[in-house]
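# Summary of structural features
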Protein chains: 2
Amino acid sequence: MSIILSRAETLSLLSLSIACSGVLASTFKGDGEPLIASLAFSGIAFACTYCLIQWLGPSFIHAGLKGRDMSKSRKPEIPETMGAVCAVVYLLILIFFIPFPFYKDIVAATSGGGSRDVTVSHEQLASGRVLHRFPHSKLASYLSALLSLQSVVILGIADDLFDIRWRHKLFIPAVASIPMLVVYLVDYGVTNVVVPVQLERYFGTMIDLGWVYYAYMAAVAIFCPNSINILAGINGIEVSQSLVIAVLLLMNDGLSLYAAPAAPYPHPATDPHLFSIYLLLPFIAVSLALWWHNWYPAKVFVGDTYCYFAGMVFAIVGILGHFSKTLLLTFIPQIVNFLYSAPQLFRIVPCPRHRLPRFNSRTGLMEPSVTTWHRPPGKILTAVLKVLASLPIPLLAIKKDDRGNVISSTNLTVLNLWLVWFGPQREDKLATGIIGAQFLVGIVALFTRHKLALLVFREDNRQ
Amino acid sequence: MSIILSRAETLSLLSLSIACSGVLASTFKGDGEPLIASLAFSGIAFACTYCLIQWLGPSFIHAGLKGRDMSKSRKPEIPETMGAVCAVVYLLILIFFIPFPFYKDIVAATSGGGSRDVTVSHEQLASGRVLHRFPHSKLASYLSALLSLQSVVILGIADDLFDIRWRHKLFIPAVASIPMLVVYLVDYGVTNVVVPVQLERYFGTMIDLGWVYYAYMAAVAIFCPNSINILAGINGIEVSQSLVIAVLLLMNDGLSLYAAPAAPYPHPATDPHLFSIYLLLPFIAVSLALWWHNWYPAKVFVGDTYCYFAGMVFAIVGILGHFSKTLLLTFIPQIVNFLYSAPQLFRIVPCPRHRLPRFNSRTGLMEPSVTTWHRPPGKILTAVLKVLASLPIPLLAIKKDDRGNVISSTNLTVLNLWLVWFGPQREDKLATGIIGAQFLVGIVALFTRHKLALLVFREDNRQ
């Protein structure tokens, strides 16, 4: 892997950076446009991440952050944990971004802000906050989001360094979500949820979940990063699925902002979606830069750090944006993969350390990997496995010996299942197929959610 | 190094944790006492750090975070970067601490805080905030401090992993201080400073420094971590000097709180000092646990991570507590060491990669290390070196060849100077001497500051 950027790369990244810096400078002139600033920052973030990944490769290998790509004939050794570079650039960009959505509003609205002579009329304060700006009270939430992200990065790096045990790994995102939950408790503390129409006669229109709500938020924070981490193992899959989720969430935000009522201007429901957009745009930028290097044939690995980081961004956006149910709709393939993996994760079926598809070096294609039954499964399990394997759309593939005993079955991940369905294929084709399916499922889910919300709730926040 | 705690260690740490947890639980009952909670949290932090350092040693060595102690006869290989453990425990404790100083006040003072039915009378809100509590607006500062600390930990770990170049290292704390400075800009933005009485006729009583004030804050943030990092290299010196500074700052806080006027209760000048105490108590706790393992003969190294982390804690306390000038008074030995090192840092005198005292394996004592002049210094420099070496209290030691040319001179650090003055001594005696001197200088400086402040300023915040 060369650390030198090609002339074309240098020129295009340089012009992108210059253009974005220009846009950024121009937002200072007027009233300051956070949304445009966020876009400009994202461009800069893309350029920085792209260059840094290219430049830091040898240093990472030298520091022992490296791995072998087993799905290639030559099994090259390439840098790992490049997600940490993404995450650091992302965090810096989010920190530099703070003054744009928060600055003027605060100085104008508080008398304690020093000697600046911006004045705002009473009516403007009450109703006329410029769109794209946040009230000051949101600053603590924003900072707590950054703290949780930094925590997950520190713990993710520790994981990549120390190879933490699987059952401890699971709780890394839980620990990292503590800052967000504590600030939520201190700063906001609302744990009421709207009750579906059908259940109103039992619970009333609102129900205060109390600590259960905190447990729910922690569960979301544990689920998102880990579910990305188990749908992994082939070039580009971790970054691509994260990009798809981010784009789906961005579409949901755009829809909600577009449909928000024009008066009172701006509608309070716009804040969470702006928050979400400001977190997602730079995320998409740094992920795209990483994707460029991580797509087949991969020049770098993303590391667990990236999976934790990406999952945490989504968990934060969903929790602090108060649309965690919609968030989970964009995670359907990951949920399916988790449920499908459950028999192995809970050791009903033997689970090898790595379950990624097997590379056949003769054909150059990926094949479903199998787990070998050293002792044949019990009667019931054998029957279940045989039924699942002989369905019109089989849910796994098995091998039997002469006496009909199951001697091996495919590992239970959607990647392997895809290969069972569509036969061996090259790594990039497999990734493209899975990602395409994920995008389609997500679009349908979001459409359904916005159409069906009124069946179970009195109001949709799109209305 | 055994990873098993002795029975005595287990029993005492366990009883400390249980006692502290009990105290913590009891603060829930009454009005919540953040100061007592902070003490209890510190006890828990000490116990956790102590155990984790003991347990994680082999994992750190396995992950390549290790170094040889060159100042022992057997040059044992021991774990490095243990400062990262301190920092992670410290950050977690500070996050769990958030509800104690911030919680009730907010819920009581804001109507947006949900459905809790705490009521506070108007007078109480205006003047009667319970001592030890912060107004809500401080939350953003507190979170920005945590962000800066986490940033410095991430960058410190990167430094320990990648061996970043010296001239890049210098700016690690600058990058880490960005969150704090950005939030300062957004949240507070006051850049006025009081003008000394003698200069009032030129500048008026207050002067707005604008961006110069931000540059000053960044300079403080760069100086503190790096100055601790260059007064380093023998067992226990990094942690001990940090502990002395922390204790001095704590004494300063105690003095200021004790002397604060009783009415209006509480005095606004108490907030910064409470902020400082809440940050320093757990810092002392985790540092003490590290000190236990790092004091002569060291069982672990602290790593650059610890120096950055400790320096950043002090910079944050000084900057957000608005007593950065007093802060610098506690750094006099570090400032002297920096000035004394300057000729080497700026390459007027040759500078080897390591300047720590040399271990004489025959005597078991530390001796001043020397830098060899491959080309003899120029005439003026030779004269200067000879004068400095022949002063009644010499400022360095030199060796001359037959023709009177300087062939070597001692490295310019206060550790070597101490050895020039008092002769070779064992590592722990050297550390004790330096630390004792540091403590004395600090006490005198603080005393002078509080006595002399009224000569240059109209009011001391002690009054």
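Fair warning: this is a prediction, and the values are worked out from it, not measured in the lab. Residue numbering note: each chain is counted from 1, following its sequence as written. Going through the entries in the order they are written, you letter the chains from A and number the ligands from 1. Local features in this predicted model are restricted to residues whose pLDDT is 70 or higher, and side-chain atom pairs enter the listing and the counts only when it is 80 or higher, whereas totals over whole chains, interfaces and linings include all residues. Remark: hydrogens and water are excluded; side-chain values derive from all non-hydrogen atoms of the structure.

A run of H or I in DSSP counts as a helix once it spans at least four residues, and a run of E counts as a strand once it spans at least two, with each numbered from the N terminus. Helices and strands together make up the secondary structure of chain A, namely 19 helices and 9 strands. For every residue, the accessible area obtained with a 1.4 Å probe (protein chains only) is divided by the maximum for its type, and the residue is called buried under 20%, exposed over 50%, and partly exposed between those limits. Looking at the 463 residues of chain A, the share that counts as buried comes to 53%. Sequence separation of 24 or more characterises 74% of the internal contacts of chain A that already satisfy a separation of 6 or more. Method for areas: the Shrake-Rupley scheme with a 1.4 Å probe, in which residue coverage is limited to the protein chains shown. Accessible surface, chain A as shown: approximately 20,900 Å² in total, 66% of it carbon and sulfur. Contacts are residue-level and defined by heavy atoms, with any inter-residue pair within 4.5 Å sufficient.

Side chains that differ in sign of charge can pair as their charged atoms come close. Salt bridges are defined as contacts in which a side-chain nitrogen from Lys or Arg sits within 4 Å of a carboxyl oxygen from Asp or Glu. The final tally for this structure, using the stated rule, is 14 salt bridges over all chains. For Asp304 of chain A, the salt bridge is made with Lys169 of chain A, and the minimal N-O distance between the two is 2.9 Å. Separated by 135 residues along the polypeptide, Asp304 of chain A in helix α14 (residues 303-320) and Lys169 of chain A in helix α7 (residues 166-169) bring together distant segments of the chain. Accessibility expressed as a relative area gives 12% for Lys169 of chain A, which makes it buried. For the salt bridge of Glu427 of chain B with Lys72 of chain B, the shortest nitrogen-to-oxygen distance reads 2.6 Å. You can see Glu427 of chain B sitting in helix α19 (residues 427-456) and its partner Lys72 of chain B sitting in the loop between β1 (66-68) and β2 (77-79), a full 355 residues away along the chain. For the residue pair Glu427 of chain B and Lys72 of chain B, the accessibility class agrees, reading buried in each case.

Okay, a nonpolar patch on the surface next. Residue and element names in this part refer to chain A. Note that patches include only residues with greater than 30% relative accessible area and no salt bridge, and the join distances are 9 Å for like charges and 5 Å for nonpolar side chains (Val, Leu, Ile, Met, Phe, Trp, Tyr). Taken together, the side chains of Val387, Leu391, Ile393, Leu395, Trp421 and Phe422 present a nonpolar region at the surface, about 550 Å² in accessible area. If you trace the backbone, Val387 turns up in helix α17 (residues 379-390). Judged by relative accessible area, which is 49%, Val387 ranks as partly exposed.

A word on the pairing of strand β9 (residues 406-410) of chain A. Residues and elements named next belong to chain A. With respect to burial, β9 is a largely interior element, 4 of its 5 residues being buried. Pairing of strand β7 (residues 370-372) with β9, which is carried by 3 bridges, proceeds in the antiparallel orientation. Each residue of the ladder has a partner; that of Thr372, found in β9, is Ser408. Two strands are said to pair when DSSP picks up at least two bridges between them. Bridging between strand β8 (residues 398-400) and β9 involves 3 bridges; their strand directions are antiparallel. Bridged to Lys399 within β9 is Ser408. Remark: 5 residues form the turn of the hairpin made by β8 and β9, two consecutive strands paired antiparallel; Gly404 in that turn has positive phi of roughly 85°.

For the rest of this paragraph, the subject is the environment of Leu255 of chain B. Turning to its location among the elements, Leu255 of chain B is positioned in helix α12 (residues 237-259). Note: C-alpha distance between Leu255 of chain B and His450 of chain B (195 residues apart in sequence) is 9.5 Å.

What follows is about the domain arrangement of chain A. All names here are of chain A. By convention here, the domain bounds are inherited from an automatic or database domain assignment. In terms of domain boundaries, chain A breaks down into domain 1 (7-114 + 131-330 + 428-455) and domain 2 (358-425). Using only C-alpha atoms to locate each centre, domain 1 and domain 2 end up separated by 36 Å. Every contact between the two is made by 13 residues of domain 1 and, on the other side, 7 residues of domain 2. Two parts lose some accessible area (1.4 Å probe) when they are put together, and adding that loss for both gives the buried area. Approximately 960 Å² of surface area, both sides summed, lies buried where domain 1 meets domain 2, with 80% of it carried by carbon and sulfur atoms. Among the residues of domain 1 in contact with domain 2, Ser71, Leu430 and Ile434 are the three that bury the most area, contributing 47% of the side total. Seen at the junction of domain 1 and domain 2, the total is 0 salt bridges. A 3.5 Å cut-off defines polar contacts: any pair of N or O atoms within that distance qualifies, except that in protein one atom must be a possible hydrogen donor and the other a possible acceptor, and neighbouring residues in sequence count only when both atoms are side-chain atoms. Taken together, the links from domain 1 to domain 2 amount to 1 residue pair in polar contact (both at pLDDT 80 or more). Its residues assigned to classes, the side of domain 1 that touches domain 2 comprises 8 nonpolar, 3 polar and 2 charged. Each residue receives one of three labels: charged for Asp, Glu, Lys and Arg, nonpolar for Ala, Val, Leu, Ile, Met, Phe, Trp, Tyr, Cys and Pro, and polar for the others, Gly being one of them.

All names here are of chain B. Structurally, His273 is set in helix α13 (residues 270-294). For His273, a relative accessible area of 3% corresponds to the buried category. A polar contact is formed between the side chain of His273 and the side chain of Asp253, at a distance of 2.8 Å.

Residue and element names in this part refer to chain A. End to end, helix α2 (residues 34-62) covers 40 Å across 29 residues, agreeing with the expected 42 Å (1.5 Å per residue, within 8%). What we call the bend at a residue is the angle made by axes fitted to the seven residues finishing there and the seven residues starting there. Helix geometry: α2 is bent most strongly at Leu56, by close to 50°, with proline Pro58 lying one to four residues after it. Just beyond α2, the residue with positive phi is Gly64, at close to 90°. In a helix, the anticipated span is given by 1.5 Å times the number of residues less one.

Moving on: the confidence of the model for chain A. Residue and element names in this part refer to chain A. pLDDT is defined as a per-residue confidence score from the predictor, taking values between 0 and 100. Of the residues in chain A, 87% reach a pLDDT of 70 or more, and the chain-wide mean stands at 85. Within chain A, the lowest mean pLDDT, 39, falls on helix α5 (residues 122-127), and the highest, 95, falls on helix α18 (residues 414-422). Across residues 105-132, where pLDDT falls below 50, the model places 38 contacts with residues more than four positions away in sequence or in other chains.

Turning next to the sheet that holds β7 of chain A. Residues and elements named next belong to chain A. The strand order β7-β9-β8 describes an open sheet built from 3 strands, whose pairing is antiparallel. The outermost strands of the open sheet, each flanked by one partner alone, are β7 and β8. Looking at each pair of strands side by side, their axes are set apart by 20° on average, direction ignored. Note on method: axes are straight lines fitted to C-alpha atoms, helices fitted across the in-contact stretch only, with angles between N-to-C directions ranging 0 to 180 degrees.

Okay, the sheet that holds strand β9 (residues 406-410) of chain B next. Residues and elements named next belong to chain B. One open sheet holds the 3 strands; their spatial order is β7-β9-β8, and the pairing between them is antiparallel. Here the strands that pair on one side only, and so sit at the sheet edges, are β7 (370-372) and β8 (398-400). Here the strands of the sheet are splayed against their neighbours by 20° on average, with no regard to which way each runs.

Below, the discussion takes up the state of the cysteines. Working definition: a disulfide is two cysteine sulfur atoms within 2.5 Å of each other. This structure, assessed with the given rule, holds 0 disulfides over all chains. Of the cysteine sulfurs around Cys48 of chain A, a residue in no disulfide, the closest is that of Cys51 of chain A, at 7.0 Å.

Turning our eyes to something else, we now look at the nonpolar core. Looking at soluble globular proteins, one finds that nonpolar side chains tend to be buried together. If you look at the biggest cluster of nonpolar residues, it comprises 197 residues, and the most contacted ones within it are Ile98 and Phe314 of chain A together with Ile98 and Phe314 of chain B. Top element by residues in this core is helix α6 (residues 138-162) of chain B. It accounts for 14 residues. To define a nonpolar core, start from buried Ala, Val, Leu, Ile, Met, Phe, Trp, Tyr and Cys residues and group those joined through side-chain atoms within 4.5 Å.

What follows concerns unusual backbone geometry. Of note, the bond from Tyr296 of chain A into Pro297 of chain A is cis; its omega dihedral lies within 30 degrees of zero at -15°. Turning to its location among the elements, Pro297 of chain A is positioned in the loop between α13 (270-294) and α14.

Residue and element names in this part refer to chain A. Along the chain, Thr81 falls in the loop between β2 (77-79) and α3 (83-97). If we skip the residues at most four places from it in the chain, Thr81 touches Phe60, Leu65, Asp160, Phe301, Val302, Gly303 and Thr305. Polar contacts involving the side chain of Thr81 include one to the side chain of Asp160, which spans 3.5 Å.

Let us now look at the packing of α3 of chain A against helix α9 (residues 178-187) of chain B. For any two helices packed against each other, one specifies the crossing angle of their axes together with the interaxial distance. It is the contact of α3 of chain A with α9 of chain B, at a shortest axis distance of 9 Å, that shows an interaxial angle of 20°. As the angle between them shows, α3 of chain A and α9 of chain B are arranged roughly parallel. Where α3 of chain A crosses over α9 of chain B, the handedness of that crossing is left-handed. Between α3 of chain A, through Leu92, Ile95 and Phe96 of chain A, and α9 of chain B, the contact on the second element is made entirely by Ile178, Pro179 and Val182 of chain B. Looking at the contact of α3 of chain A with α9 of chain B residue by residue, the classes come out as 6 nonpolar, no polar and no charged. The scheme is simple: roughly parallel for angles under 35 degrees, roughly antiparallel for over 145, roughly perpendicular for 65 to 115, oblique for anything else. Crossing handedness is defined as follows: a turn of the near helix away from the far one that is anticlockwise and smaller than a right angle gives a left-handed crossing, while the clockwise case is right-handed.

Let us look at the packing of helix α1 (residues 7-29) of chain A against α2 of chain A. Residues and elements named next belong to chain A. In contact at an axis separation of 8 Å, α1 and α2 are set at 150° when each is read in the N-to-C sense. One finds that α1 runs roughly antiparallel with respect to α2. Considering only the axes of α1 and α2, their crossing is left-handed. Between α1 and α2, the residues in contact are Glu9, Leu13, Leu16, Ser17, Cys20, Ser21, Val23, Leu24 and Thr27 and Ile36, Ala37, Ala40, Phe41, Gly43, Ile44, Phe46, Ala47, Tyr50, Cys51 and Gln54, respectively.

As a further point, take α9 of chain B. Within α9 of chain B, 9 of the 10 residues are buried, leaving the element largely enclosed by the surrounding structure. When α9 of chain B is considered as a whole, its buried residues turn out to be Ile178, Pro179, Met180, Leu181, Val182, Val183, Tyr184, Val186 and Asp187 of chain B.

All names here are of chain A. When the centres of two rings from Phe, Tyr and Trp lie within 6.5 Å, Trp using its six-membered ring, the rings pair. Their planes under 30 degrees apart give stacked, over 60 give edge-to-face, and anything left gives tilted. The full count for this structure, using the stated rule, is 50 aromatic pairs over all chains. Here the aromatic residues Tyr90, Phe223, Phe283, Tyr306, Phe309, Phe314, Phe331 and Phe338 are joined through ring pairs into a cluster of three or more. By definition here, charges over rings are those cases where NZ of Lys or CZ of Arg is within 6 Å of the ring centre and within 35 degrees of the ring normal. Just above the ring of Phe275 sits the side chain of Lys138; from NZ or CZ to the centre is 5.8 Å.

With that settled, the discussion passes to the side chain of Asn360 of chain B. Residue and element names in this part refer to chain B. Tracing the chain through its elements places Asn360 in strand β5 (residues 358-360). Among the residues examined, Asn360 registers a relative accessible area of 12% and is labelled buried. Dropping the residues within four chain positions of it, Asn360 is found in contact with Leu365 and Glu367.

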